[in-house]
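One-letter residues, chain by chain:
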Amino acid sequence: VASYLQVHYNESADFAALARAHGMSRRSFFRNWGKCYDNSPRAYVTAIRMEHATAMLERTAMRISEIADKLGYSDSAYFISAFRRHYKTTPLKYRQRQQTHD
């Protein structure tokens, strides 16, 4: 499931459907996930999205809304909020800081 999430990080994850597809109940899926990972499946996907976000901010000139869309966020304001929670800064400030360090 983790491999699937790494590839499909930009899609909306239905964890109950993923559990069924792998022969588990939703409860079993979350219990087994907790044995392998310290964070929740949702937090796992968010971390992958944030890694891709920083790469796009550093390596492209894409607008923040375009990055949000590519990462699977339907609302760029929600992406900015998630980014701020994860990195304690906005995507724009992150990009500006990276450009001054180059």
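Residues numbered from 1 in each chain as written. Predicted model: local features only at pLDDT ≥ 70, side-chain atom pairs only at ≥ 80, totals over all residues. Heavy atoms only, no water.

Moving on to the overall build of the protein. On a plain count of helices and strands, the protein comes out with seven helices and zero strands. When its helices and strands are written in sequence order, the protein yields α-α-α-α-α-α-α. Considering the protein as a whole, with its 102 residues, one finds that 34% of them fall into the buried category. Total accessible area on the protein stands at roughly 6,600 Å², and carbon and sulfur atoms take up 48% of it. Here the protein contributes 16 positive and 9 negative side-chain charges, whose respective centroids are spaced 7 Å apart. (Helix = DSSP H or I, 4+ residues; strand = E, 2+ residues; numbered from the N terminus. Buried < 20%, exposed > 50% of the residue type's maximum accessible area, 1.4 Å probe, protein only. Areas by Shrake-Rupley, 256 points an atom, 1.4 Å probe, with all protein chains shown as cover. Lys, Arg positive; Asp, Glu negative; His and termini not counted. Charge placed at Lys NZ, Arg CZ, Asp CG, Glu CD.)

Moving on, we come to the nonpolar core. Formed by 26 residues in total, the largest nonpolar core has its most connected members in Leu5, Phe15, Ile67, Leu71, Tyr73, Phe79 and Phe83. Residue assignment for this core shows that the elements contributing at least two residues are α1 (2–7), α2 (15–21), α3 (26–36), α4 (41–59), α5 (64–70) and α6 (76–87). Among the elements that make up this core, the one with the highest residue count is α4 (seven residues). In this structure, phenylalanine 83 is in contact with Met50, Ala53, Thr54, Leu57, Lys88, Thr89, Thr90, Pro91 and Tyr94, ignoring residues within four places of it in sequence. (Core = buried A, V, L, I, M, F, W, Y, C linked by side-chain atoms within 4.5 Å. Contact = heavy atoms within 4.5 Å.)

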